Amino acid sequence: MILCCENVFTFAAESHWGDRLPTISEKILSRASGTEAEAGDIVDAAIDYAMSHDGTSVLAIKAFREMGSEKVWDPGRIVIPFDHIVPANNETAATLQAEVRSWARAQGIENFYDCGHGICHQVFCEMGFALPGALVVGADSHSCTYGALGAFGTGVGATDMAEIYSRGRLWFRVPETICMRLDGTPGDMVSAKDLALFVVKEMGADGANYMAVEFVGEAVERLSVSGRMTLCNMGVEMGAKAAIVPPDASVDAYLERRARRPYTHIHSDPGSYFREIEYDVSDLPPMVAAPYRVDNVHPVADLAGTEVDQVFIGTCTNGRLEDLEVAARIMKNRSVKVRTLVIPASREVYLAALRSGVMETLVEAGAMIGPPGCGPCLGAHMGVLGDGEVCLSTSNRNFPGRMGRNGRVYLASPATAAATAITGKITDPREL
Amino acid sequence: MIKQRSKIRMSSGITSPNFIEVTLYSALAFILFGQAPGRERNIKYASSLCIMIRGRAWVFGDDVDTDVIIPGKYLRTKDLRELAEHVMEGLDPSFSSRVQPGDLIVAGKNFGCGSSREQAPLALKLAGISCVVARSFARIFYRNAINIGLPLIEADVRCEPGEIVEVDLAQGKVVVGGREYTGRKLPDFLMEILNDGGLVAHRRKQRERGLV
């Protein structure tokens, strides 16, 4: 659906940078700030679309009011999905959500997605707000997910979001770009999540702090948009400000009936990167991040046999249809040995999984299905861990206390999660 | 086997770097913030300001994440003081009962990594922390701290728990036990926000002065 004929994402073809050729990030931030922005510059940039969810909206609205702001800059460009605690699990959460809901109504926020629509990042992409060349900002650290569609997507806190609500602009330091080339074709049962965990392991938890990361190469090009979302989603786990896959035809196909506005593909000019790193991932095995660091990553074989109490398949990292499909393929005609929670990332994913029989397979295998949302990922909703319990999760963080005070979280792909659910121990999905 | 090849290309202004320069530049790149080679392109700000802080140090290591600063289950609250009661619970359950107003935190690299929750710097501020000194910060925490008026400075500081630390934000200097460390000065427009007590107070002041 095209709502506006103004082509805000077009970028002038000629280069203004002289010898120093620009990256995707520099081009997007230049267009948005009306400057010739180079890595290291600090610019005040116009935001194309902004997102805040039931969690961050509360403080953002408080800051917005305290700033003395009355009307948002553009109610058509603010997107508010409810996902962090859905449906509300207690009176406080319900009351806070009611306040956000009534503020959104009073402000005329057109793109408000109440409980049940799905996880903010999934809904934001499905509804066509993440577009090639767009500057999109979310009040959530995993807003780097939008780079899967060629956007510059980055996360901020609540007060920055209040600033965007008020002015539609925000300051940014233009990041250097690390180009990460992933060559080769990984084997069966090795997915985008394994690539993401491998990259975070190689870079470390702050290896890309304050930089943008661009993922290129055969292994990336072969990924579906869903897989690219998984890869970009984990960008922040190495500190990246934005994680971008250069847009191609598969992005156009995904956006065909979704894009909110016309867009053009923006690409980095050759040789514009600050740093280039290449890996051949042909022989990459399934990977697992052990507690309590996302960069504490090992081949699944090193951790195989570790007993778990719970398996969780879902989240903005791995709750999409292809994730549920691979889990169903493994769980078909088998039964789970430990409690297994599956949470589709959105209503669209849920419906597709129901219609294709994927949900039936998962339920037959003994999985519980939760309503679309973040679930227990951040330790605030159904499925949290008891004292000392172990969970293998397809989510993106395993910090101490993340899913319960003394819980231990291992991070892995949906295939590894499904295989682990069947055996009750961390299992290489290729060996099941 | 996983094969890796890494090559590094310089930004403008640096040509033919040798390996050490490249490595150094690469390591420093993420902390260029505030001393950017470039210009503040279309940012307007007033004069530079001066903020001095002195306090007793709590010392933490690398990669202190937002889940240990304030766990997700405490985020939904109508009473923000509740945040201070659970601050740093993931690393030191006794922290909130022992921290004194004016104390500061000295930490390693990547302080505040993880989620965008603004309750993380807010919990530290509400608990009385006057400043965070760290070798580096995760970028969202960095922005959030300035926005809510919690002073912070990037500096690689050697410090024992309980030592008295002096921070001169305007000069970008940290002094511990007679040792002086040069940190990274905040750009003037961020100093101005911090000096006003955060972005909300800054915007309110601007509004009162008719600037926005």
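What you see is a predicted model; the values in this text were computed from it and never measured.

(A) Region of interest: the overall build of chain B. Counting its secondary structure elements, chain B contains eight helices and eight strands. Across the 212 residues in chain B, those meeting the buried criterion constitute 57%. Expressed as a percentage of contacts within chain B between residues at least 6 apart in sequence, the contacts between residues at least 24 apart total 64%. Working note: accessible area of chain B is about 9400 Å², and carbon and sulfur atoms make up 51% of it.

(B) Region of interest: the overall build of chain A. Summing up its helical and strand segments, chain A has 15 helices and 18 strands in all. Looking at chain A as a whole, 69% of its 432 residues qualify as buried. Nonlocal contacts in chain A, meaning residues at least 24 apart in sequence, comprise 76% of its contacts between residues at least 6 apart.

(C) Geometry of the sheet that holds strand β5 (residues 135-138) of chain A. Residue and element names in this part refer to chain A. Strand order across the open sheet formed by five strands is β4-β3-β2-β5-β6, with parallel pairing between neighbours. This sheet does not close on itself; its edge strands, each paired only once, are β4 (111-113) and β6 (152-155). Neighbour to neighbour, the strand axes of the sheet diverge by 15° on average, direction disregarded. The pairing of strand β2 (residues 49-51) with β5 spans three bridges and is classified as parallel. Bridge assignment links A50 to a residue of β5, and that residue is V137.

(D) Layout of the nonpolar core. Ranked by internal contacts, the top residues of the largest apolar core, which has 103 residues, are F111(B) and L124(B). Beyond its immediate stretch of four places on either side in the chain, L124(B) contacts I69(B), V87(B), M88(B), I105(B), F111(B), I129(B), V132(B), F141(B) and L150(B). Membership of the second largest hydrophobic core comes to 69 residues, among which are M211(A), M229(A), A259(A) and Y263(A).

(E) Up close: the side chain of T361(A). Residues and elements named next belong to chain A. Position of T361 relative to the elements: it lies in helix α14 (residues 358-364). Judged by its relative accessible area of 10%, T361 falls in the buried class. With residues near it in sequence (within four places) discarded, T361 still touches A328, M331 and K332.

(F) Summary view of the interface of chain A and chain B. Contact with chain A, which involves 74 residues of that partner, is made by 65 residues of chain B. Summing the contributions of chain A and of chain B, the shared interface buries around 6200 Å²; its carbon and sulfur component is 51%. The largest per-residue losses of area from chain A upon contact with chain B belong to I42(A), W171(A) and F274(A), which jointly make up 12% of the total buried on that side. Where chain A meets chain B, there are six salt bridges. Its salt-bridge partner being K109(B), residue D206(A) comes within 3.3 Å of it at the nearest N-O pair. Scanning the region where chain A abuts chain B turns up 21 residue pairs in polar contact (both at pLDDT 80 or more). At the level of secondary structure, the elements contributing two or more residues to the side of chain A that touches chain B comprise β1 (42-46), α2 (56-66), α3 (91-107), β6, α5 (158-167), β7 (169-173), α6 (192-203) and β11 (275-280) of chain A. The biggest single contributor to the side of chain A that touches chain B is β11(A), with six residues.

(G) Spatial organisation of the packing of helix α5 (residues 119-126) of chain B against helix α6 (residues 139-148) of chain B. Residues and elements named next belong to chain B. Contact geometry of α5 with α6 gives a least axis separation of 8 Å together with a crossing angle of 45°. On the basis of the axis angle, α5 is oblique to α6. Crossing hand, α5 versus α6: right-handed. Contact residues: A120, P121, L122, L124 and K125 in α5; F141, N144, A145 and I148 in α6. Grouping the constituent residues of the contact of α5 with α6 by class yields seven nonpolar, one polar and one charged.

(H) Summary view of α5(B). α5(B) sits mainly inside the fold: six of its eight residues count as buried. Buried residues of α5(B): Q119(B), A120(B), P121(B), L122(B), A123(B) and L124(B), and no others. Next to the buried residues of α5(B) lie α2 of chain A together with α2 (66-69), α3 (81-85), β3 (104-107), β4 (131-134) and α6 of chain B. One or two residues past the end of α5(B) sits G128(B), with phi positive at roughly 105°.

(I) Here's a closer look at the pairing of strand β15 (residues 339-342) of chain A. Residues and elements named next belong to chain A. In this sheet, β15 lies alongside strand β14 (residues 310-313) in parallel orientation, the contact comprising four bridges. Each bridged residue has a counterpart across the sheet, and for I313 the counterpart in β15 is V342. In the sheet, β15 pairs with strand β16 (residues 368-369) via two bridges, with the strands oriented parallel. By the bridge assignment for β16, V342 is matched with I369.

(J) Layout of the pairing of β1(A). All names here are of chain A. For β1, the tally of buried residues reaches four of five residues, placing the bulk of the element in the interior. Relative to β7, β1 is paired through five bridges, and the arrangement is antiparallel. For D44, the partnering residue across the bridge sits in β7 and is W171.

(K) Quick look at the sheet that holds strand β2 (residues 52-59) of chain B. All names here are of chain B. One open sheet holds the seven strands; their spatial order is β5-β4-β3-β2-β6-β7-β8, and the pairing between them is mixed. Two strands lie at the open edges of the sheet, namely β5 (152-154) and β8 (179-182), each paired on one side alone. Along the sheet, successive strands turn relative to each other by an average axial angle of 25°, direction set aside. Pairing between β2 and strand β6 (residues 164-168): five bridges, direction antiparallel. Bridging across to β6, R54 finds its partner in E166.

(L) Quick look at empty space enclosed by the protein. All names here are of chain A. Per the stated rule, a full pass over the model turns up six cavities of 30 Å³ or more. What lines the largest cavity is a set of 25 residues, and nearest its centre among them are H53, H84, D140, L378 and R402. Taken together, the elements giving at least two residues each to the lining of the largest cavity come down to α4 (120-126) and α11 (315-318). Among the residues forming the lining of the largest cavity, the class breakdown is seven nonpolar, twelve polar and six charged. A domain-level breakdown of the lining of the largest cavity finds at least three residues from each of domain 1 (24-261 + 271-279) and domain 2 (288-431). Counted as a void, the second largest cavity has a volume near 80 Å³.

How each quantity is defined
Residues numbered from 1 in each chain as written. Chains lettered and ligands numbered in written order. Predicted model: local features only at pLDDT ≥ 70, side-chain atom pairs only at ≥ 80, totals over all residues. Heavy atoms only, no water. Helix = DSSP H or I, 4+ residues; strand = E, 2+ residues; numbered from the N terminus. Buried < 20%, exposed > 50% of the residue type's maximum accessible area, 1.4 Å probe, protein only. Contact = heavy atoms within 4.5 Å. Areas by Shrake-Rupley, 256 points an atom, 1.4 Å probe, with all protein chains shown as cover. Pairing = 2+ DSSP bridges. Axes fitted to C-alpha atoms, helices over the stretch in contact; angles between N-to-C directions. Core = buried A, V, L, I, M, F, W, Y, C linked by side-chain atoms within 4.5 Å. Buried area = accessible area lost by both parts, 1.4 Å probe. Salt bridge = Lys/Arg side-chain N within 4 Å of Asp/Glu carboxyl O. Polar contact = N/O pair within 3.5 Å; in protein donor to acceptor, adjacent residues only side chain to side chain. Parallel < 35°, antiparallel > 145°, perpendicular 65-115°, else oblique. Left-handed = near helix turned anticlockwise from the far one by under 90°. Nonpolar A, V, L, I, M, F, W, Y, C, P; charged D, E, K, R; others polar. 1 Å grid on protein atoms, 1.4 Å probe; cavity = no way out; pocket = protein on both sides within 12 Å on 5 of 7 lines; lining within 4 Å. Points joined across faces, edges and corners; volume = space filled by probe spheres on them. Domains from an automatic or database assignment.

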